[in-house]
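# Structural overview
What follows is the residue order along each chain.
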Amino acid sequence: MPVGGGRRFSRDPRVPQIRINHRIRVPEVRVVAEDGSNLGVLSTEAALRRAQEVGLDLVEVNPKGTPPVCKILDFGKYKYEEKKRAREAKRKQTVVEVKEIKLRPKTDDHDLETKVRAARKFLEQGNKVKIVCRFRGREITHPERARMQLDYLVSKLEDLANVEQRPAMEARTMAVLVAPKPVVFQRLASERALRERERSKGDRPLGPDGLEESGNEDLDEDLDEDLDDDDTDDDDDTDDDDDTDDEAKEEGKEEGTEANEAS
């Protein structure tokens, strides 16, 4: 219990709740039927009875309307589709982050090459890069050394990045900001589209024989005919084998009869 006896409230803002069925308190609503047709303005009780008659829910889809707009639908399926759409939108959106790379005026050439590789990796992922050179003590009296390092790094990234903010002093640091070129975002978009196609191909339904359908009906029909022909050939081969066995048995019987007569 908090000191003073007050109630404890969460600091997080509450997510707006979707009102359904008896939680809809307004006297009348504009109703959209389960087939998408507009039923006009009805009293909330009449709209709720209509939803109950078809075994569905009355869901408030636009509470800011005058009157609020409600739709007759399956609320469980509606929530599932909303979450699915949110996941799809989150997966397709491009989030650009600002990655920071730090160095010093005394950073040697080998470490600078390491910084270049890290910056290129961030840019190829679609992120912006902020390169910061920090001064200590009397190093700030020689800003030209930091400027030379930043210009060197930018020259190594010019095939991937554009300079958004030229090298400038910020307190005891000098920083430059670079962003990926449009060609980088185009490549990322094409790779994302390729992954989406691969994912959709993996979700392709299976045919009656348990194999993945090709999507071409003519090709599937030709394949089925070939399989049927193979089955017919197998049956014919089996019949030929049976005929051969019968002939061998009859020859054996004839040889046995001739031997008995000779004896």
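Now for a description of the structure that goes with this document. (Residues numbered from 1 in each chain as written. Predicted model: local features only at pLDDT ≥ 70, side-chain atom pairs only at ≥ 80, totals over all residues. Heavy atoms only, no water.)

### Topic: the overall build of the protein
The secondary structure content of the protein amounts to 6 helices and 8 strands. Its helices and strands taken in sequence order, the protein reads β-β-α-β-β-α-β-α-β-α-β-β-α-α from the N to the C terminus. Out of the 263 residues belonging to the protein, those deemed buried represent 23%. Restricting the contact set of the protein to residue pairs at least 6 apart, pairs at least 24 apart contribute 56%. Of the roughly 19,500 Å² that the protein leaves accessible, carbon and sulfur atoms contribute 48%. (Helix = DSSP H or I, 4+ residues; strand = E, 2+ residues; numbered from the N terminus. Buried < 20%, exposed > 50% of the residue type's maximum accessible area, 1.4 Å probe, protein only. Contact = heavy atoms within 4.5 Å. Areas by Shrake-Rupley, 256 points an atom, 1.4 Å probe, with all protein chains shown as cover.)

### Notes on helix α4 (residues 143-156)
The α-helix winds at 3.6 residues per turn, so residues separated by three or four positions along the chain end up facing the same way. Here α4 spans 20 Å end to end across 14 residues, near enough to the 20 Å set by a 1.5 Å rise per residue. By the burial criterion, the buried members of α4 are Ala146, Gln149, Leu150, Leu153 and Val154. Angular distribution of buried residues about the axis of α4 spans 135°; they occupy a single face of the element. Turning to α4, the residues buried within the fold contact β5 (98-103), α3 (109-124), β6 (128-134), β7 (161-170) and β8 (173-180). (Expected span 1.5 Å × (residues − 1). Arc of directions from axis to C-beta.)

### Considerations on the packing of aromatic side chains
Within this structure, the stated rule accounts for 1 aromatic pair. Their ring planes at 25° and their centres at 6.3 Å tell us that Phe75 and Tyr78 sit as a pair that is stacked. Of this pair, Phe75 and Tyr78 both sit in helix α2 (residues 75-92), 3 residues apart, roughly one helical turn. Residue classification places Phe75 among the buried residues on the basis of a relative accessible area of 16%. Taking the relative accessible area as the measure of exposure, Tyr78 reaches 19% and is therefore buried. (Phe/Tyr/Trp six-rings, centres within 6.5 Å; stacked < 30°, edge-to-face > 60°.)

### Overview of the pattern of salt bridges
Pairing between side chains of opposite charge can happen when the charged atoms of each approach one another. Counted according to the given criterion, the structure contains 11 salt bridges. Across the salt bridge formed by Glu60 and Arg19, the nearest N and O atoms sit 2.8 Å from each other. Of this pair, Glu60 sits in strand β3 (residues 57-62) while Arg19 sits in the segment before β1 (28-32), placing them 41 residues apart in sequence. Its relative accessible area of 6% is what places Glu60 among the buried residues. Classification of Arg19 by relative accessible area gives partly exposed; the value is 36%. For Arg187, the salt bridge goes to Glu191, with nearest N and O atoms at 3.2 Å. (Salt bridge = Lys/Arg side-chain N within 4 Å of Asp/Glu carboxyl O.)

### Focus on the side chain of Glu60
Engagement of the side chain of Glu60 in a polar contact is seen with the side chain of Arg19, the distance being 2.8 Å. With residues up to four places along the chain from it excluded, the contact list for Glu60 reads Ile18, Arg19, Ile24, Pro68, Val69 and Cys70. (Polar contact = N/O pair within 3.5 Å; in protein donor to acceptor, adjacent residues only side chain to side chain.)

### Focus: the pairing of β5
Side-chain positions along a regular strand alternate between the two faces of the sheet. Note: β5 against β6, 6 bridges, orientation parallel. Across the sheet, the residue bridging to Lys102 is Val132, located in β6. Of the crossover connections in this fold, the one passing from β5 over α3 to the parallel β6 is right-handed. (Pairing = 2+ DSSP bridges. Right-handed = clockwise from strand over helix to strand, strands pointing away.)

### A few points about α2
The end-to-end C-alpha distance of α2, which contains 18 residues, comes to 26 Å, matching closely the 26 Å that a straight helix rising 1.5 Å per residue would cover. The N-cap of α2, judged by a side-chain oxygen 3.2 Å from the amide nitrogen of Gly76 a few residues on, is Asp74.

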